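Residue-level structure breakdown
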Amino acid sequence: MAPRKNAKGGGGNSNSSSTSSSPSSCTSGGGSSSPGARKETKHGGHKNGRKGGLSGSSFFTWFMVIALLGVWTSVAVVWFDLVDYEEVLGKLGIYDADGDGDFDVDDAKVLLGFKERSAPKPTVPPEEAEPYPWLEDQVLEGPGEDLHQEQDGPAGELQPEDGIFAGSDTDDRYEPVGTGAVHEVTEDSYHVEETASPAYSQDMGDMIYEQENPESSELVVDDAGRMDQEADDITYQEYDEQAFEPSENEGTENSDNAVDDSNTILEEVHVPRAEEQREVPPETNKKTDDPEKKEKVKKKKPKLLNKFDKTIKAELDAAEKLRKRGTVEGAVRAFEELVQKYPQSPGARYGKAKCEDDLAEKRRSNEVLRRAIQTYQEVASLPDVPADLVKLSLRRRSDRQQFLGHMRGSLLTLQKLVQLFPDDTSLKNDLGVGYLLMGDNDSAKKVYEEVLNVTPNDGFAKVHYGFILKAQNKIAESIPYLKEGIESGDPGTDDGRFYFHLGDAMQRVGNKEAYKWYELGHQRGHFASVWQRSLYNVHGLKAQPWWTPKETGYTELVKSLERNWKLIRDEGLAVMDRAQSLFLPEDENLREKGDWSQFTLWQQGRKNENACKGARKTCSLLDKFPETTGCRRGQIKYSVMHPGTHVWPHTGPTNCRLRMHLGLVIPKEGCKIRCANETKTWEEGKVLIFDDSFEHEVWQDATSFRLIFIVDVWHPELTPHQRRSLPAI
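Residues numbered from 1 in each chain as written. Predicted model: local features only at pLDDT ≥ 70, side-chain atom pairs only at ≥ 80, totals over all residues. Heavy atoms only, no water.

Looking now at the pattern of salt bridges. The full count for this structure, using the stated rule, is 29 salt bridges. Three or more residues joined by partner-sharing salt bridges are found here, namely Glu 320, Arg 323, Lys 354 and Asp 358. (Salt bridge = Lys/Arg side-chain N within 4 Å of Asp/Glu carboxyl O.)

In structure tokens form, the structure reads like this:
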């Protein structure tokens, strides 16, 4: 009996399931309008669906239906991306048995047992087959559950050849940063922010697995000569930041109190011979005004894969695919297997380091981050590592060491980089930052002088050299370096700190262009306004120069201060009258002239128990008000200013606090304070409240001393969580 056919030519139930994968195919398979169906009814037999035989046209009809279904199914697979071809190829690459980078007939023969597997051998010259010596880092085991910055040991003379420094990890824990908060710097010390890295980035980490052209081995540099770094680098500073003890003007002094494995540095790193490195010549580090030359320089690609890594590129790609998809644990395992399988592969080890880096961010674990630092070191220690990969690995190692607060270890890494690549001025610029982070301004100054001797138009070196000169109180000398450095537009120069210090230097020499630079800084997003120039802010907080007690919500604190002002005054005078006064001179370089000293009871939310022994009743009174004693971005202190004192216009470091001044001993005339464009005077027993993130200035032209009591409080709009989590300033 002839087979029964559906008159609509859809092929029955089987056709409906086949065509469901494509909206277009449903129309041809499920409706009566199909040309093939009409032909079949007309030529394939009787109207009741029975046919006496299969004609030539019936075979043609079925052929066309099946062909159309195949076409539409293929379109659906491609259109809806139903198959990840790269993943399939990557998985097949795992079965690459002959080391030629793909899966072919020879590989199949090996898998079927018709041919013996031949393990690929590293293609390195005989003289480079042995790894070069390295002082091994010992990864410290510890809780390390939360990412936080750890501090190095006391600064001493650096001895890179020794490599290992005694010490242990600090037990201090630093709480995570709240929204919009960043770190603090001081007039005389420096803190590098990850968002202001001197080297702008592109996806170098991805490039290591995507290089197809073996000839593309030259370094990618920008017009300032800095090698691009990874775009997918982790910014841990969002989670945890180091606590600093800043000055009133801007900030902090770095201290280094712990050492870990990351303080050791390689004794010797192998770098390919000069002709193999294809190192960018020094002149490419200079800024060029020729657009064609700039374009040519930017097109150069780094050499990140050696000959051997190119033979296992498919396996590297498969592992990297896991990392990019966020399967960090799986990616770590994949790269660890590759490292075991190919211990001489820099690409496999670098991939492992990046995955550990990602895992540290995911788990917020210092222990995992220390492992990543160790692995970055191991990459550079292998034989036949491309010079560009040595740079990339050690630079990232230094960056992660800085994040953990291991400034000494980071500095040693940077010193080794400069030793390996002496013509790369961008590395010297990084080294200068390393010295600044250690508080060694003199060494940093020498480094930037060397850079400017070779590349006099290096904007990054100029702004940092100007920064150092200003910290050394060479105000007039600092101005041209800061100004020209910012104007260069070089990466790392568009930083609020440099606008801050340039404007401040200009104000001190009477240059009226200061506010032009403050305005430019505001336009570029560094300052909230021309008046409010604090650098470390929580966005969205109410901003006004002067406040009333009612506006702050701290009326009880204000009432208590004003009600007990004489008690507070008497204890302050008693401390002043001591033979050895506990009042310390202001040391933040804020005075143009005069005598100004302070006696601090609370700093960064921490009570000074020894100081409170001299003002017991005052401290007991304040213990009732956590909005001030718990303000880790402020201070509580007495402030005495003697006649003839002028305090330069300046701003505090953060908008997260308000400052109360309680008048204790106020001369009748000659003492005044300006905040923004409004000037006020103190009264004994009365509280003035202002936001010291706005520019303020003080004059003491009376004939006797002025004594006030300064009480910082949290900005009233900060949430309880922000008050707990914001790092101390």
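Okay, back to it.
Below, the discussion takes up the UniProt feature "repeat: TPR" (unreviewed entry) in the protein. Mapped onto the present numbering, the UniProt feature "repeat: TPR" (unreviewed entry) falls on residues 425-458. Taken as a whole, residues 425-458 contains 79% helix and 0% strand, while its terminal C-alpha atoms sit 9 Å from one another. (UniProt positions renumbered as here; feature names shortened; annotations may be inferred. Helix = DSSP H or I, 4+ residues; strand = E, 2+ residues; numbered from the N terminus.)

Tracing the backbone shows Asp 458 in the loop between helix 18 (441-454) and helix 19 (459-471). Sequence spacing of Asp 458 and Asp 490 is 32 residues, and the spatial spacing of their C-alpha atoms is 7.6 Å.

What follows deals with the pairing of strand 11 (residues 671-675). For strand 11, the buried fraction is high: four of the five residues fall into the buried class. Where strand 11 meets strand 14 (residues 696-700), five bridges bridge the pair, whose relative direction is antiparallel. Of the residues in strand 14, the one forming a bridge with Arg 674 is Glu 697. As paired strands, strand 11 and strand 12 (residues 678-680) are joined by three bridges and run antiparallel to one another. (Buried < 20%, exposed > 50% of the residue type's maximum accessible area, 1.4 Å probe, protein only. Pairing = 2+ DSSP bridges.)

Taken as a whole and judged by the stated rule, the model has one disulfide. A disulfide bridge connects Cys 612 with Cys 619, and the sulfur atoms are separated by 2.1 Å. One quick way to see it: the torsion about the S-S bond of Cys 612 and Cys 619 is about -85 degrees, and its sign makes the bridge left-handed. An identical accessibility class is assigned to Cys 612 and Cys 619; each is buried. Here Cys 656 is not cross-linked by a disulfide; its sulfur's nearest cysteine counterpart is in Cys 631, at 8.6 Å. Judged by its relative accessible area of 0%, Cys 656 is buried. (Disulfide = S-S within 2.5 Å.)

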